[in-house]
Every structure is written in C-alpha cells, then in structure tokens.
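Chain by chain, the residues run as shown.
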Amino acid sequence: MKLQANMFLAAIFLLLFSFKLPFFSISAIHALSNETDRLSLLHFKQSITSNPFGILSSWNDSIFFCNWPGITCGRRHPRVTSLDLQSHNLKGSLSPHIGNLTFLRLIHLQNNSFSGEIPQQVGYFLMNCSELKNIWLDGNKLNGDIPKEIGTLIKLETVVVNQNNLTGGIPTSLGNLSSLWQFSAAYNHLSGNIPDQIRGLSSLKYFIVRENRLSGTIPSSLYNLSSLEWIVLTLNQFNGNLFANIGFCLPNLQLLEVGGNELSGTIPDSLSNVSRLQILQLSQNNFVGPVPTNFGNLLELRKLQLKANNLGGNSSYDWGFLTSLANCSKLEILSLSGNNFGGAFPGSIGNLTRQLQELYVGENHIHGSIPSSLENLINLNTLIVDENLLTGDIPEHLGKLGKLQLLALKRNRLSGKIPSSLGNLTQLLKLYLSKNKLEGSIPQNIGNIKSLLLLDLSNNNLRGEVPLLVFFLPSLSILLNFSHNFLSGRLPKEVGKLKNVNKLDFSSNNLSGEIPGTIGDCSSLEYLYLQGNSFDQNIPSSLAALKGLVYLDLSLNNFSGEIPKDLQNLSLKYLNISFNHLGGEVSTGGVFQNASAIFVAGNSKLCGGVKELQLPKCLVK
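What you are looking at is a predicted structure, and each value in this text was computed from that prediction instead of being measured.

Let us now look at the overall build of the protein chain. Each helix and strand counted, the protein chain has six helices and 45 strands in total. Relative to the 2.2 N^0.38 estimate, which gives 25 Å for 621 residues, the radius of gyration of the protein chain is 33 Å and therefore markedly larger than a compact globule would have. Expressed as lengths along the three principal axes of its C-alpha atoms, the size of the protein chain is roughly 105 × 70 × 40 Å. The 621 residues of the protein chain split such that 53% are buried. A separation of at least 24 residues holds for 53% of the contacts in the protein chain among residues at least 6 apart in sequence. Between the centroid of the 46 positive side chains of the protein chain and the centroid of its 40 negative side chains there is a distance of 5 Å.

What follows is the structure, given as structure tokens:
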C-alpha cells in the first residue's frame, strides 16, 4: 500500500511540475519519469512467482534499471522502450504496471508460463503506451478476452498471442489499427465471427487464427485486404463458400490455409491468378466439383493440399488438372486423398515435377494398375495410394524411388509377388502392403531395409517361412505384422533380436513348433499376437521377462502344460489363452484376478482361478 501511495504522489507531482510550476527544471521531471519506469518494473517483478533461470535476480537498486537484463531504454532519455523476457520459463501474472511504461515500444514475453487473465487494467494502462508497436505473448497460459483497449494503440504493428487459453471474440476495435501488419492468435479458444471492422487493417499481411472456435462465413472485408500475404483459418468452424473472385482481390497472397472447417462449394478458378501463391491448403472441408485445370499458372506453388473433401466425380475425367499442374516446377506436396477421384490411375502423374516429395492419392476410387511413369518422380519420400481399387502387380520400378521413406499400398486388390526390388529402398521407414491379394513368399532382401520402423504385410496370401533377415532389423520399433497369411514353419529363435519392437503380430498363419524362449529378449514389446496358429509344447516362461507387455494373445493353438505363474507379475491388461490344451491351476494374482481381462475357455484341464471364471476347484495333492 505504501508503494502504491508513493506512485500516486509521484504521478501528482509530475502533473504539477508539468502544468503549474514550469520554473522547475526539466531534468527533475525526467528524473521523476525515470522513477516511474523503475517502480513499474519492480511491480512487474513482484508479480513473478517463479524465476528459474534467474533473469530477474539483478533487478535491484545495485544496477541502473536500463541495464537490467531484458530491458532496453531510449538513447536520448533513460525511459524503457523494450521489455524482452522471452523463453525464461517465468511464472506469474501480467502486472498492470506495464501500462506505466509510456515509452514502451516492444513487449516480448513469449514462451513463458504467464497465467490468469490479461487484467482489464493492462488493457486500460496500455492506452498510455502510445508508442507501442509489438506485443508478443505467445506460448503462455493466459486466459480471458483480448482487451478491447488494444484498438487504441494506433502505432501497433504486431500482435502475437498464439498458444494460450484466450476466449471471447476478436475485438472489433482491432479495425482501428491501420499500421498492424501481423495478427496471430492461433491455438486458443476464440469464438464468434471475424468482425467486419477488420476492413480497417489496411497494412495487414499475416492473419493467423488457426485452431480456435471461430465460426460464420469468411467476411468480404477480409478478401478486400489486398496487402494480405498469409491467411490461416485452419481448424475452426467456418462455413459457406470461398469468394469466387478471391484470386483477383488478393494479388499478394502466398499462403491460404482454410483446412478443417465446414466450407463448401467449388474451388474458385480465380485462385490461378494469385501468381505468388506457394501453399494452398483446403483439406477437410466439403468442397465439390473438379480441381481447376488452370492451376498450372501457379508457378510458385509448393504445396497443394486438397484431401478429405468431395472433389471429383468418380470418373476418368477427374484428372484433367494434372496436365496443367505439370507446369508447377516447385511443387513438393500434392495431397488428394479422401476424395471422389475415379477412373484409372493416370500415367500423366509421372509428368509432375521431379521436385515432388510427397504424393497422397489414397481413399479414392482409382482402379487399374500402378502406372510405370511413377518412376520419374525420383525425389518422392512419401507415396500413399492406399484404399483404392488398384489391381495387377506391384511394379518393380518402385524400387527405383530410392528416397522413399513411406510407401502405403494397403487395402487395394493388388496381386502377384512382392517385388524383390523393394529391398533397394534403403531409406524406407514404413511399408504398408496389407489387405491385398499378394502371394508367394516374402522376399529375403526386405532385410536390406535397415531403417525400417514398421512392416505390415498382413491379410494377404503369402506363403513359405518367415524370412530370417527380417529379425536382423534392429530399427523395427513400431510394428512387425505378418498376420492373416499362410506362413508356415517355426518362429525362428532370432526373433529375440527385435529388442526395440513395440508390436509383433504373427496371428492366423500356419506356424508350428514351440515359441522360442528368446521371445523374452524383445524387451520393448507391449503387444504380442500369436493366436490362430499351431504352436505347441509349453508357453515359454521367458514371456515373464517382458515387463512392458500389456496385451498377449496365445489362443487357438496347441499349447500344453501349465500357465507360467510369473505372468501374474506383468502389467497385462488382456490375456487370451483360450482353446489350447493347458492344464493345472490358474493363478489369482495380477491379470488373473480380473475375469474380464483373461480368457481361458477351451482348456478342459484348468482349475482354480477367481470364481468368475467358473473353473473347477483344484484337487488337493
């Protein structure tokens, strides 16, 4: 209270000196102003509850406040012009005394842990900061509304409040800021419409409100801001159509991201006039009709993302835009998945620029064979063609795409053998070939792909033994899935070399013999599916060494002997050992005490266990 009283008196004296007593020295007035700045900074420090890096430790009278870390003062007068304390993990609330720093031009408090609402006083006192140009508060935990008083800061150029918990709407007063060139409020909880008053932002270049709860139509006032270079409205609830003449209104646009909304209608042809456009992201909306055939005019285009709409008419005519798109020599990403494109997979896909790195055409109605022209796209690192109606063989030429890291051909009708040329894809991280009609054996040289994290060949007609070299891939860490095939022979003891794999699935094959004890060396294993085979002999006790195992299915095999008691020491959430030839006493510890998590039916010699299992009592020896 005493400090506040002193500040009040200081302000009164300042007024008196300024208007009633002109004979006082200017230096005395400056000294009083300096004291106001110093006291305001100390009030700011008092609002900080955690200062883990010690950035504020030297904020005391032993050092002139203009020399405090994070503080910059003007050259002519020792008044604070910059408060820059970004990325110091400061915790606390925003002090309203910031508003007393009337020469302040820059506030950089991003990437800290400031919490609570932006106090109304902050908005009010900031009205005094008429020189303020930059406010950066992103990456904190602030909540409440964006203060409407922000509209009084007529020199403001940037407002960045991303990644907070702000609510309410975009203040209409924002439209007063004709010098503002960046407004970024992504990853908050803002709601309501984009206000029409935004038309006053004549200098605006970047408008970024990704991942909020904004709704309504995109206002015409936004389209009239010809200075705009970035519009990011992704993951909100906007509806309606894109303005048909958008391409004539926004000649400087470089990035348009409106994915994850409820927009509808057709993609405007006029977008082809935005010659500087680099990124066009319209994914996850309700757009219909064809892709404009004049997008080849967009010579700067790098990303065209149209996935998860209703584009196309399930016809071979859907692909007319590809011819024009071949002119886009800088195109790196083309995403067309989850639409209604049909007809044969066009060979013209291979005429796209060799700069293309990612191609997504999954979840459509494409039929026919995989075109050989794909081998021209030598810089592809991602090729997704899953969930279509493709037939024929997997072409050998895919092995020429040496930069591929992700290849997904699952859920088609592909047949024939897995080409050995896939073993040449030494940079491949994930290979999905599941749910096709592939046959023959698994090629041994799959083991050449030393970077492989995931291999899924399930639900095919593959035969022969599990290739030994697969178990010499220490990189396998996500999934190895050979389930629902016709593989035979034994599970090799080398399976224990897969020390990093999280999920193993050999279910529904014709595998036989005992499970090797080395299975206990798969120390990262959480999910093990071996059901539906002909494994026999005892369940290996080494399974108890898999401390992270949560899901184990050994059902529908020919196991005999007793259930290893040490399995009760695992953190299993699911254990299925039904329909084997097991006998002996069922434990009542660990997973065995939860009847809804353990399945033991079809083992006539079991006894004991919890009563819910309804097993006979064990005979006393």
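Still more ground to cover, so stick around.
Turning to the state of the cysteines, a few remarks are in order. For the structure shown, the criterion picks out two disulfides. The side chain of Cys607 participates in a disulfide bridge whose partner is Cys618; the two sulfur atoms lie 2.0 Å from each other. Handedness of the Cys607-Cys618 disulfide follows from its S-S torsion of about 100°: it is right-handed. Of this pair, Cys607 sits in strand 45 (residues 605–608) while Cys618 is found in the segment after strand 45, placing the two residues eleven residues apart along the sequence. By relative accessible area, Cys618 is classed as partly exposed at 27%. Along the protein chain, the cysteines that take part in disulfide bonds pair up as 1-2, 3-4, counted in sequence order.

In this section: unusual backbone geometry. The backbone phi angle of Asn314 is positive, close to 55°, even though this residue is not glycine. With respect to the helices and strands, Asn314 occurs in the loop between strand 22 (310–311) and helix 6 (321–325). On the accessibility criterion, Asn314 (43% relative accessible area) is partly exposed. In the Ramachandran plot, Glu363 falls in the positive-phi region, its phi being about 55° despite a non-glycine side chain. Mapped onto the fold, Glu363 is located in the loop between strand 24 (358–360) and strand 25 (367–368).

Attention now goes to the pattern of salt bridges. Here the structure, examined in full by the defined rule, presents ten salt bridges. With its nearest N and O atoms 3.5 Å apart, the salt bridge here joins Glu332 to Arg302. Here Glu332 is found in the loop between helix 6 and strand 23 (333–335), whereas its partner Arg302 is found in the loop between strand 20 (286–289) and strand 21 (303–305), with 30 residues between them in sequence. Given a relative accessible area of 24%, Glu332 falls into the partly exposed group. What makes Arg302 partly exposed here is its relative accessible area of 30%. Where Lys400 meets Glu375, a salt bridge forms, and the shortest distance between an N and an O atom there is 3.0 Å. With Lys400 in the loop between strand 27 (389–390) and strand 28 (406–408) and Glu375 in the loop between strand 25 and strand 26 (382–384), the pair connects residues that are 25 residues apart, well separated along the chain. Residue Lys400 is classed as exposed on the basis of its relative accessible area, which comes to 56%. Overlapping salt bridges, with partners in common, bring together Glu35, Arg38 and Asp61 in one network.

One finds Phe183, Phe207 and Leu504 to be the most contacted residues of the largest nonpolar core, which totals 169 residues. Only helix 2 (26–46), strand 2 (71–73), strand 3 (80–84), helix 4 (220–223), helix 5 (246–249), helix 6 and strand 43 (581–586) provide two or more residues apiece to this core. With near-sequence residues (within four places) excluded, Phe207 lies in contact with Ile170, Phe183, Ile194, Ile198, Leu222, Leu228, Trp230, Ile231, Val232 and Leu233.

Here we come to the confidence of the model for the protein chain. When pLDDT is averaged along the protein chain, the result is 92; 93% of the residues meet or exceed 70. Within the model, pLDDT remains below 50 along residues 1–30, and this stretch shows 20 contacts once partners closer than five positions in the same chain are excluded.

Spatially, 29-31-33-35-37-39-41-43-45 is the arrangement adopted by the nine strands of the open sheet, whose pairing is parallel. The open sheet has two free edges, formed respectively by strand 29 (415–417) and strand 45, since each of these has just one partner strand. Looking at each pair of strands side by side, their axes are set apart by 20° on average, direction ignored.

Looking now at the environment of Phe53. Here Phe53 lies in the loop between strand 1 (48–50) and strand 2. In this view, Phe53 contacts Ser87, His88 and Asn89; residues no more than four positions away in its chain are not counted.

A few words now on the side chain of Ser40. For Ser40, the location among the structural elements is in helix 2. Given the relative accessible area of 1%, Ser40 is considered buried.

So, on to the sheet that holds strand 10 (residues 165–166). If you trace the five strands from one edge of the open sheet to the other, you get 1-4-6-8-10, paired in mixed fashion. Each edge of the open sheet carries a strand with a single partner, namely strand 1 and strand 10. In this structure, strand 1 lies alongside strand 4 (residues 91–92), joined through two bridges in antiparallel fashion. Across the sheet, Ile48 pairs through a bridge with Gly92, a residue of strand 4.

A cluster of nonpolar side chains, contributed by Leu468, Leu469 and Phe472, occupies part of the molecular surface with about 230 Å² of accessible area. For Leu468, a relative accessible area of 37% translates into the label partly exposed.

Calculation notes
- Residues numbered from 1 in each chain as written.
- Predicted model: local features only at pLDDT ≥ 70, side-chain atom pairs only at ≥ 80, totals over all residues.
- Heavy atoms only, no water.
- Helix = DSSP H or I, 4+ residues; strand = E, 2+ residues; numbered from the N terminus.
- Rg over C-alpha atoms; globule rule 2.2 N^0.38 Å.
- Buried < 20%, exposed > 50% of the residue type's maximum accessible area, 1.4 Å probe, protein only.
- Contact = heavy atoms within 4.5 Å.
- Lys, Arg positive; Asp, Glu negative; His and termini not counted.
- Charge placed at Lys NZ, Arg CZ, Asp CG, Glu CD.
- Disulfide = S-S within 2.5 Å.
- Salt bridge = Lys/Arg side-chain N within 4 Å of Asp/Glu carboxyl O.
- Core = buried A, V, L, I, M, F, W, Y, C linked by side-chain atoms within 4.5 Å.
- pLDDT = per-residue confidence, 0-100.
- Pairing = 2+ DSSP bridges.
- Axes fitted to C-alpha atoms, helices over the stretch in contact; angles between N-to-C directions.
- Patch = residues over 30% accessible without salt bridge, like charges linked within 9 Å, V, L, I, M, F, W, Y side chains within 5 Å.
- Areas by Shrake-Rupley, 256 points an atom, 1.4 Å probe, with all protein chains shown as cover.

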